[in-house]
Amino acid sequence: MSGPASRGSATARANSDGRQSSPSRALALLLCLIPVAYCLAIMAYALLNFSSYGADLPRFLRYIGVPGLIAAAFIIAALRLPPRKGANLGLGATAVLIALLIVELVLNARLVMAMFSLALTLGTGAGDSEEIMRGRSGIPPMYTSKQLSIAMDVDRLEEAVLGGIPGEEVLLCSHEGKPLFYTADRFGFNNDDAVYDSPLEIMIVGDSFVEGHCQPRPDTFTGKMRDLKSQTAGIGMRGGGPLYELALIGRYGTQFQPDWVVMAFFEGNDWQNLRREAATPWLAEALTLNAEFGQPDVSPQQVDLAQDVISDWWTQDTSSGDVITRSSFVRNILGLNQVWGSLGLDYPRITRDQAIYGDVLARAKAVTQSWGGNFILVYIPQGVRYRGLLDKSFLYDELRNDVLEAARANGVEVVDLAQIFADAEEPQQLFAADGHFSPAGSAVAASALEDKISSLEAN
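What you see is a predicted model, and the numbers here were worked out from it, not measured in a lab. (Residues numbered from 1 in each chain as written. Predicted model: local features only at pLDDT ≥ 70, side-chain atom pairs only at ≥ 80, totals over all residues. Heavy atoms only, no water.)

A.B. asks: So what exactly am I meant to see when it comes to the overall build of the chain here?
C.D. replies: When you go through the chain residue by residue, the secondary structure sums to 21 helices and seven strands. For the chain, with 459 residues in total, the buried portion stands at 48%. Considering only intrachain contacts with a sequence separation of at least 6, the fraction spanning at least 24 residues in the chain is 78%. Accessible surface, the chain as shown: approximately 21100 Å² in total, 57% of it carbon and sulfur. (Helix = DSSP H or I, 4+ residues; strand = E, 2+ residues; numbered from the N terminus. Buried < 20%, exposed > 50% of the residue type's maximum accessible area, 1.4 Å probe, protein only. Contact = heavy atoms within 4.5 Å. Areas by Shrake-Rupley, 256 points an atom, 1.4 Å probe, with all protein chains shown as cover.)

Quick look at the structure:
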């Protein structure tokens, strides 16, 4: 039979054991510092890019204010709560953060597989099979014709190569696990060369949406438009922005003299592209009244210089890490882009006024009218503007309103796909995993453009 002394001794041992197994304050701080570090990283990125992610109230709250409050709350909890509760809180938050990162990877699974498949195709270890080698005379997927001209030390717009290498195979991407190629037309673009055998009715200029990124030619925007208007050519390359597209109109439009010139503006990066292009002297030439746009046909000398650069690009071994680091993939994963997007909390960067855009539209319209053609602007929205529980369209509409206002000020007709897609039953189905049009999106865009042209022709 145990006595009081024995029970007291057992209680003391239990208390002693409890004290020994209780987490320390240092452990509680360590566990809480993991979510704190994540929040501080979000804040640091926003502060370093304050003009894009912190200079207005919605983005300041989203990227600086709220993460700062969360970080402060965890620090206070780690210091003020009992160590066990602080440790449990930090452990729980860390587990949630890891789970969200796993969910983010799952949501990006298709894009992840496509990127690694592309890396295997691009790397020098990919082998020298006929299928792989056939694309090595064209510009590699992660490079642009603007980069090509810069590497060729171009000083004047008329010397620049604005398309690809005529007649060569071009590797677009890894599509459904296999390399996707197209054969460049006589000017280096993604068209059936036979389209030039008759006068063009429609010429669409733009970036990768017009080149037809990661879709077989019949499924692209231009391909769907060609189903409606057979004499349609897509004159566009990845990485293009408004000034580059103006240069395309000046060089190829004056040669083809189509009835309709369509300039595509992509909400996702064309505003940033314009800022960089305006600082590129040979592209800025396109705005001058007496600009020499150059000849549509690529000279043998230009081809030789371009192929030397392209060959050098292809000899550089491209690992999976290279593909990832050259994209915003890692940043988007760590930023939980898809997760926050599903909630409607993935806010776009702030756009700053660029008066030069109105000048680009005015010049493009004037060049088109010089041969009696008609000029139309197509506004292409980002697919991410339509996802999420919370409506965030007002943030994306800041740029949209600037573009539409510049068009109105210059009397430019517009096909506003942002509104047309918003009216669709499932707007997200109009975009592929990489953010470009899905075949359904290409069809809707082409139909909207054809309706606009028919309406204008009727009037």
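Now that the structure is up, let's keep going.
A.B. asks: Just checking my understanding: could you explain helix α2 (residues 25–48) for this structure?
C.D. replies: Since the α-helix packs 3.6 residues into each turn, any two residues three or four apart lie on the same face. Here α2 is 24 residues long and its end C-alpha atoms lie 33 Å apart, about the 34 Å a rise of 1.5 Å per residue gives. When the local axis directions of α2 are compared, the greatest deviation, roughly 30°, occurs at leucine 33, which is followed within four positions by the proline proline 35. Considered for burial, the residues of α2 that qualify are Ala28, Leu31, Cys32, Pro35, Val36, Tyr38, Cys39, Met43 and Ala46. (Expected span 1.5 Å × (residues − 1). Bend = angle between axes of the 7 residues up to and from the residue.)

A.B. asks: Would you explain the side chain of arginine 226 in this entry?
C.D. replies: Positionally, arginine 226 belongs in helix α10 (residues 221–228). Buried charge without a partner: arginine 226 forms no salt bridge, and the closest opposite charge is aspartate 192, 7.2 Å away. Look past the residues within four positions of arginine 226 in its chain and what remains in contact with it is Asn191, Val195, Arg217, Thr232, Ala233 and Gly234. (Lys, Arg positive; Asp, Glu negative; His and termini not counted. Salt bridge = Lys/Arg side-chain N within 4 Å of Asp/Glu carboxyl O.)

A.B. asks: Hey, could you run me through the packing of α2 against helix α4 (residues 57–80) in this one?
C.D. replies: Between two packed helices, both the angle of their axes relative to each other and the distance between the axes serve to describe the pair. For the pair α2 and α4, the least separation of the axes is 9 Å and the interaxial angle reads 170°. Judged by the inter-axis angle, α2 sits roughly antiparallel to α4. Between α2 and α4, the residues in contact are Arg25, Ala28, Leu29, Cys32, Pro35, Val36, Cys39, Leu40, Ile42, Met43, Ala46 and Leu47 and Tyr63, Ile64, Pro67, Gly68, Ile70, Ala71, Phe74, Ile75, Ala78, Leu79 and Arg80, respectively. (Axes fitted to C-alpha atoms, helices over the stretch in contact; angles between N-to-C directions. Parallel < 35°, antiparallel > 145°, perpendicular 65-115°, else oblique.)

A.B. asks: I keep staring at the environment of aspartate 304 and nothing clicks. Help me out?
C.D. replies: In this structure, aspartate 304 sits in helix α14 (residues 300–315). Overall, the relative accessible area of 47% leaves aspartate 304 in the partly exposed class. Sequence separation between aspartate 304 and isoleucine 165 is 139 residues; the distance between their C-alpha atoms is 9.9 Å.

A.B. asks: Whenever I open this one, the environment of isoleucine 235 confuses me. Can you help?
C.D. replies: On the secondary structure map, isoleucine 235 appears in strand β4 (residues 232–236). Classification of isoleucine 235 by relative accessible area gives buried; the value is 0%. For the pair isoleucine 235 and isoleucine 204, spaced 31 residues apart in the sequence, the C-alpha separation amounts to 5.8 Å. Dropping the residues within four chain positions of it, isoleucine 235 is found in contact with Phe189, Asn191, Tyr196, Met203, Ile204, Val205, Gly206, Val210, Leu248, Tyr252 and Phe256.

A.B. asks: What is the right way to read a positive patch on the surface from this model?
C.D. replies: A surface patch of like charges, here positive, comprises Arg275, Arg276, Arg331, Arg349 and Arg352. Tracing the sequence through the fold places arginine 276 in helix α12 (residues 270–278). By relative accessible area, which is 52% here, arginine 276 ends up exposed. (Patch = residues over 30% accessible without salt bridge, like charges linked within 9 Å, V, L, I, M, F, W, Y side chains within 5 Å. Charge placed at Lys NZ, Arg CZ, Asp CG, Glu CD.)

A.B. asks: Even after reading the chapter, I still don't get unusual backbone geometry, so can you show me in this structure?
C.D. replies: In terms of backbone geometry, most residues other than glycine have negative phi values and most peptide bonds are trans. Here the phi dihedral of aspartate 153 falls at roughly 60°; this positive angle occurs in a residue that is not glycine. You can see aspartate 153 is positioned in the loop between α8 (145–151) and β1 (169–175). Phi is positive for leucine 336, which is not a glycine, with a value near 55°. Within the secondary structure, leucine 336 sits in the loop between α16 (329–334) and α17 (337–343).

A.B. asks: Honestly, the sheet that holds strand β6 (residues 374–380) in this entry has me stumped. Any pointers?
C.D. replies: Whether parallel or antiparallel, the strands of a sheet pair through hydrogen bonds between backbone atoms. Read from one edge of the open sheet, five strands run β4-β3-β5-β6-β7, paired in parallel fashion. Here the strands that pair on one side only, and so sit at the sheet edges, are β4 and β7 (413–416). Averaged over all adjacent pairs, the angle separating strand axes in this sheet is 25°, with direction ignored. Across seven bridges, strand β5 (residues 260–266) lies against β6 in parallel orientation. The partner of methionine 263 across the bridge, within β6, is leucine 377. Against the sheet, α10 touches β3 (202–206) and β4, its axis set at about 160° to β4. Packed onto the sheet, helix α19 (residues 393–409) meets β5, β6 and β7 and runs at close to 175° relative to β6. (Pairing = 2+ DSSP bridges.)

A.B. asks: What am I meant to see in the environment of glutamate 176 here?
C.D. replies: Tracing the chain through its elements places glutamate 176 in the loop between β1 and β2 (178–183). On the accessibility criterion, glutamate 176 (74% relative accessible area) is exposed. Spatially, the C-alpha atoms of glutamate 176 and cysteine 214 are 9.4 Å apart, while their sequence positions differ by 38 residues.

A.B. asks: What is the right way to read the pattern of salt bridges from this model?
C.D. replies: Oppositely charged side chains can form a pair if their charged atoms are brought close together. For the structure shown, the criterion picks out 18 salt bridges. Between aspartate 397 and arginine 400 there is a salt bridge, with its nearest N and O atoms 3.2 Å apart. Within this pair, aspartate 397 and its partner arginine 400 are both found in helix α19, separated by three residues, close to a single helical turn. Pair check on accessibility: aspartate 397 and arginine 400 agree, each one buried. The partner of lysine 452 in a salt bridge is glutamate 413, with the nearest N and O atoms 3.1 Å apart. In this pair, lysine 452 sits in helix α21 (residues 439–458) while glutamate 413 sits in strand β7, placing the two residues 39 residues apart along the sequence. Residue lysine 452 is classed as partly exposed on the basis of its relative accessible area, which comes to 22%. Each of the salt bridges in this network shares a partner with another, and the network as a whole consists of Glu267, Arg385, Asp397, Arg400 and Asp416.

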